[in-house]
Amino acid sequence: MPDQPTATTRSRVRVPLRFQDGYGVDAELVTFHGLTDGQEHVAVVLGEPAPGTTPLVRLHSECLTGDVFGSARCDCGPQLREAVEQIADRGGVLLYLRQEGRGIGLYNKLDAYALQDQGLDTYAANAALGLPEDARDYTAAAQMLGALGIDTLDLLSNNPDKAQQLRDLGVKVRTRVPTGVFTTAHNVRYLRAKVLQTQHTLPLADLGGLGERGDLGDLAELSAG
């Protein structure tokens, strides 16, 4: 990988994962020394890739509201649940990255929610707070993959930026595998904003279309959630 500090594994521990819908799987959680951002990111190793196959990997940014409390304002919790099962079936790793709110932190994310309630979309709300639309950097993720001996992967993600950043960091992303579409009455505008603003690969037809004008001018109206 290009010029970046080398990380090493710090500890490995077996943890049985159990979800509210009854699904369960045993995982190995791996911690690291030397991550460039100093955060306590964790790799969740699931299943066992068949010999000669490419591991399935997801970069999942921490979302306290969605992952833990089941918030319907985003699709993070369902994506996490889906990813664990898909990766366990095929063999690979879920990198759980401490990047709450696309990297702006929990308090700022909740402040952005308040602005979304006033009509701004998720990206415009960040900008109104003087924050980046997406502050995430995946250098630590590339370090984690290197420490685990993974230099080629299939990426479970709808976000093209994740794949591009990994490629720029020297990781070979063979293909990008889309996640499911997890809509609620509270997150459909948020999902539309991700499609229109950052080219996430979600089918707009399943998200209720673009509104009457069907262009980016509709974004503030469409993406208040």
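Everything below is about the structure shown above.
Scoring rules and cut-offs
- Residues numbered from 1 in each chain as written.
- Predicted model: local features only at pLDDT ≥ 70, side-chain atom pairs only at ≥ 80, totals over all residues.
- Heavy atoms only, no water.
- Phe/Tyr/Trp six-rings, centres within 6.5 Å; stacked < 30°, edge-to-face > 60°.
- Buried < 20%, exposed > 50% of the residue type's maximum accessible area, 1.4 Å probe, protein only.
- Lys NZ or Arg CZ within 6 Å of the ring centre and 35° of its normal.
- Helix = DSSP H or I, 4+ residues; strand = E, 2+ residues; numbered from the N terminus.
- Polar contact = N/O pair within 3.5 Å; in protein donor to acceptor, adjacent residues only side chain to side chain.
- Contact = heavy atoms within 4.5 Å.
- Pairing = 2+ DSSP bridges.
- Axes fitted to C-alpha atoms, helices over the stretch in contact; angles between N-to-C directions.
- Arc of directions from axis to C-beta.
- 1 Å grid on protein atoms, 1.4 Å probe; cavity = no way out; pocket = protein on both sides within 12 Å on 5 of 7 lines; lining within 4 Å.
- Points joined across faces, edges and corners; volume = space filled by probe spheres on them.
- Nonpolar A, V, L, I, M, F, W, Y, C, P; charged D, E, K, R; others polar.

Draft legend 1. Spotlight on the packing of aromatic side chains. Counting across every chain of the model gives 1 aromatic pair. Ring centres of Phe19 and Tyr23 lie 6.2 Å apart, and the angle between their planes is 35 degrees; this geometry places the pair in the tilted category. By relative accessible area, Phe19 is classed as partly exposed at 25%. Tyr23 sits in the buried class, given a relative accessible area of 16%. The aromatic ring of Tyr113 is capped on one face by Arg73, whose charged end is 4.2 Å from the ring centroid.

Draft legend 2. Fine view of the side chain of Gln99. Within the secondary structure layout, Gln99 lies in the loop between β5 (92-97) and α3 (106-116). According to the relative accessible area criterion, Gln99 is buried, its value standing at 7%. Here Asp137 takes part through its backbone oxygen, which lies 3.1 Å from a polar atom of the side chain of Gln99. If we ignore the near neighbours within four places in the chain, the residues touching Gln99 are Ser61, Glu62, Arg136, Asp137 and Tyr138.

Draft legend 3. Quick peek at the pairing of strand β3 (residues 42-46). Strand direction decides the pairing type here: strand β2 (residues 24-33) and β3, joined by 3 bridges, are antiparallel. Bridge assignment links Glu28 to a residue of β3, and that residue is Val45. Looking at chain direction, β3 and β5 are connected through 5 bridges and run antiparallel. Across the sheet, Val45 pairs through a bridge with Val93, a residue of β5.

Draft legend 4. Main features of the sheet that holds β5. Across the sheet, which stays open at both edges, the 7 strands sit in the order β1-β2-β3-β5-β4-β6-β7 with mixed pairing between neighbours. Unpaired on one side and paired on the other, β1 (8-18) and β7 (172-177) mark the two borders of the sheet. Sheet twist, expressed as the mean angle between neighbouring strand axes with direction ignored, is 30 degrees. Across 6 bridges, the pairing between strand β4 (residues 56-61) and β5 is parallel.

Draft legend 5. Spotlight on α3. Here α3 has its buried residues at Lys109, Ala112, Tyr113, Leu115 and Gln116. Seen along its axis, α3 keeps its buried residues to an arc of 160 degrees; they face one direction. On its buried face, α3 sits against α1 (64-68) and α4 (122-128).

Draft legend 6. Quick peek at the layout of surface pockets. A volume near 610 Å³ is recorded for the largest pocket. In terms of lining residues, the largest pocket is bounded by 24 residues, among which Phe19, Asp67, Gly77, Leu80 and Arg81 are the most central. Residue assignment for the lining of the largest pocket shows that the elements contributing at least two residues are β1, β3, α1, α2 (76-90) and β5. Along the lines of polarity and charge, the residues of the lining of the largest pocket split into 14 nonpolar, 6 polar and 4 charged. Here the second largest pocket is characterised by a volume of approximately 300 Å³. Along the wall of the second largest pocket there are 18 residues; nearest its centre are Val45, Pro49, Gly92, Val93 and Ile150. Every element with two or more residues in the lining of the second largest pocket is listed here: β1, β2, β3 and β5. Considered class by class, the residues forming the lining of the second largest pocket number 7 nonpolar, 5 polar and 6 charged.

Draft legend 7. Structural context of helix α5 (residues 139-147). Burial of α5 is extensive: 7 of the 9 residues sit out of reach of the surface. The elements touched by buried residues of α5 are β2, β3, β4, β5, β6 (152-156) and α6 (160-168). Positive phi appears at Gly149, one or two residues downstream of α5, with a value of about 80 degrees.

Read these as layout, nothing more, since geometry by itself doesn't imply function.
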